[in-house]
Amino acid sequence: NSIQDQEDKIYIRKLKCKNGEFKYIQWKDKKFSEDLIISIGQDVTEQIIVQNQYKNLIQTATDIIFEFDANGNFTFINEFGISILGYSENEIIKKHYSSFIREQYVKSAADFYSNLVINEANNPVIEIPIFKKNGKEMWISQKVTVRRNEFGQFAGFSGIARDITEK
């Protein structure tokens, strides 16, 4: 049985239909014996389109879109966030959010996040100053939501931040 499990494969292929349209088909190969493999195909075109639109939306947004894990370390930041802050992606990912906040605001940010986990208020907003790579300060207003895993356990945060320095 373990040999068969290793032979099971899932993959997606782009296929051209008779009418010239393209479809994305997710195939699942199951090996029953040395000379019998059965493949089942499922049309996943809609999911692929939605996924690509979602990715596009996040990457072309003119707000900073970010996620960090339960420990407060960044797991994602969109391209706009990277460019406006001036850091490389590697200088942000896996770093703790507090390393970008002006020191006297770190505690209020930490309180804000832990309060969110307890209360999960509707779209609360926090305004804090953060530092760009060039040392300049930028005030941001951020809306944050709690992320949970499939068991409902706290897994981190997702947020959208806007530059409010001028205001």
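Quick notes on the rules
Residues numbered from 1 in each chain as written. Predicted model: local features only at pLDDT ≥ 70, side-chain atom pairs only at ≥ 80, totals over all residues. Heavy atoms only, no water. Pairing = 2+ DSSP bridges. Helix = DSSP H or I, 4+ residues; strand = E, 2+ residues; numbered from the N terminus. Axes fitted to C-alpha atoms, helices over the stretch in contact; angles between N-to-C directions. Contact = heavy atoms within 4.5 Å. Expected span 1.5 Å × (residues − 1). Buried < 20%, exposed > 50% of the residue type's maximum accessible area, 1.4 Å probe, protein only. Arc of directions from axis to C-beta. 1 Å grid on protein atoms, 1.4 Å probe; cavity = no way out; pocket = protein on both sides within 12 Å on 5 of 7 lines; lining within 4 Å. Points joined across faces, edges and corners; volume = space filled by probe spheres on them. Nonpolar A, V, L, I, M, F, W, Y, C, P; charged D, E, K, R; others polar.

So what about the sheet that holds strand β8 (residues 154–163)? Which residues, and what values?
Adjacent strands of a sheet pair through backbone hydrogen bonds, lying either parallel or antiparallel. Here we have 5 strands laid out as an open sheet, ordered β5-β4-β8-β7-β6, and antiparallel in their pairing. Every other strand in the sheet has two partners, leaving β5 (74–77) and β6 (125–131) as the edge strands with one partner each. Between one strand and the next, the sheet's axes are offset by a mean angle of 30 degrees, whatever the strand orientation. The sheet contact formed by β6 and strand β7 (residues 137–148) spans 7 bridges and is antiparallel. Its bridge partner lying in β7, V125 is registered against K143. The strands touched by helix α5 (residues 106–119) are β4 (64–69), β6, β7 and β8; relative to β7, the strand with the most contacts, the crossing angle is about 20 degrees.

How would you explain α5 if you had to name every residue and give the values?
Between its terminal C-alpha atoms α5 stretches 20 Å, which fits the 20 Å expected from 14 residues at 1.5 Å a residue. Buried within α5 we find A109, F112, Y113 and L116. The buried residues of α5 occupy an angular sector of 90 degrees when projected down its axis, which confines them to one face. Turned more than 90 degrees off the buried face of α5, the exposed positions are K107 and I118. On its buried side, α5 packs onto β4, β6, β7 and β8.

Would you mind going over the layout of surface pockets in detail, with residue names and values included?
There is about 240 Å³ of room inside the largest pocket. Every residue lining the largest pocket is counted, 14 residues in all, and those nearest its centre are I65, F66, S158, G159 and I160. Sorting the residues of the lining of the largest pocket by element identifies α2 (45–60), β4, β7 and β8 as the ones contributing at least two each. Classifying every residue of the lining of the largest pocket by side-chain character gives 8 nonpolar, 4 polar and 2 charged.

Requested: an account of the sheet that holds strand β1 (residues 9–16), with residues and values cited.
As summarised here, the arrangement of the 3 strands in space is β1-β2-β3, forming an open sheet in which the pairing is antiparallel. The open sheet has two edge strands with one neighbour each: β1 and β3 (36–43). Across the sheet, the mean angle from the axis of one strand to that of its neighbour is 30 degrees, orientation sign disregarded. The pairing of β1 with strand β2 (residues 22–33) spans 8 bridges and is antiparallel. Each bridged residue has a counterpart across the sheet, and for L15 the counterpart in β2 is K23.

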